[in-house]
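# Survey of secondary and tertiary structure
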Amino acid sequence: MTTVTSRERAAAQAYLRLLESTQAVLSDPRLEPYAAAMLTHPMAEADAALRAAGLSGNEARLLRLVAALRASPAAERGRAG
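All values derive from a computational prediction rather than experimental measurement.

One pass over the full model with this rule turns up five salt bridges. Between Arg-17 and Glu-45 there is a salt bridge whose closest N-O contact spans 2.6 Å. Of the two residues, Arg-17 is situated in helix H1 (residues 6-26) and Glu-45 in helix H2 (residues 35-52); the sequence distance between them amounts to 28 residues. Given the relative accessible area of 37%, Arg-17 is considered partly exposed.

Listed below in structure tokens is the structure:
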């Protein structure tokens, strides 16, 4: 397995936060009109983290990192960091 850098881990975690925030906002019809405003910060955080990790445009690597992060024993115990 390839070693995951701290920046790559941070990018995967930011992506997961964005994904979870998006799911939360879009699953509540009362929040949908505010989706753009509510997701601005998580999108910016994920974008910056992806750039810092050199993962912009490398979705395959990002998704492998996300899958590994979700499959890790620490993530199962709620300590994915």
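This next bit is on the packing of H1 against H2. Viewed as axis vectors pointing N to C, H1 and H2 meet at an angle of 165°, and their least axial separation amounts to 8 Å. By the angle class used here, H1 and H2 are roughly antiparallel. Once H1 is placed against H2, the crossing between them reads as left-handed. Side by side, H1 and H2 meet where Arg-7, Ala-10, Ala-11, Ala-14, Tyr-15, Arg-17, Leu-18, Ser-21, Thr-22, Val-25 and Leu-26 of the first sit next to Ala-35, Met-38, Leu-39, Pro-42, Met-43, Glu-45, Ala-46, Ala-49, Leu-50 and Ala-52 of the second.

Here we take up helix H3 (residues 59-71). The periodicity of an α-helix, 3.6 residues per turn, causes residues three or four positions apart to be oriented the same way. With 13 residues, H3 extends 18 Å from end C-alpha to end C-alpha; this agrees with the ideal 18 Å at 1.5 Å per step. Listed as buried for H3 are Arg-61, Leu-62, Leu-65, Val-66 and Leu-69. All buried residues of H3 lie within an arc of 135° about the axis, which places them on one face of the element. Pointing more than 90 degrees away from the buried face of H3 are the exposed residues Glu-59, Arg-64 and Ala-71.

Definitions and cut-offs
Counting restarts for each chain, with residues numbered from 1 along the sequence as it is written. With pLDDT at 70 or above as the cut-off, local features in this predicted model cover only qualifying residues; side-chain atom pairs require 80 or more to be listed or tallied, and sums for whole chains, interfaces and linings still use all residues. Side-chain numbers here rest on the full set of heavy atoms in the structure, without hydrogens or water. Salt bridges are identified by distance alone: a Lys or Arg side-chain nitrogen within 4 Å of an Asp or Glu carboxyl oxygen. By definition, any uninterrupted DSSP run of H or I lasting at least four residues is a helix, any uninterrupted run of E lasting at least two residues is a strand, and each is numbered from the N terminus. Partly exposed describes any residue whose relative accessible area lies between the buried limit of under 20% and the exposed limit of over 50%, with all areas from a 1.4 Å probe on protein chains only and scaled to the type maximum. Helix axes are fitted only over the stretch in contact, all axes being lines through C-alpha atoms; the angle between N-to-C directions runs from 0 to 180 degrees. Each angle gets one of four labels, with under 35 degrees taken as roughly parallel, over 145 as roughly antiparallel, 65 to 115 as roughly perpendicular, and the rest as oblique. With the far helix as reference, a near helix turned anticlockwise by less than a right angle produces a left-handed crossing, and one turned clockwise produces a right-handed crossing. Whether two residues are in contact is decided by their heavy atoms, any of which lying within 4.5 Å being enough. The span you would expect from a helix comes to 1.5 Å times its residue count less one. The arc under discussion is defined with respect to the helix axis, by the directions toward the C-beta atoms.

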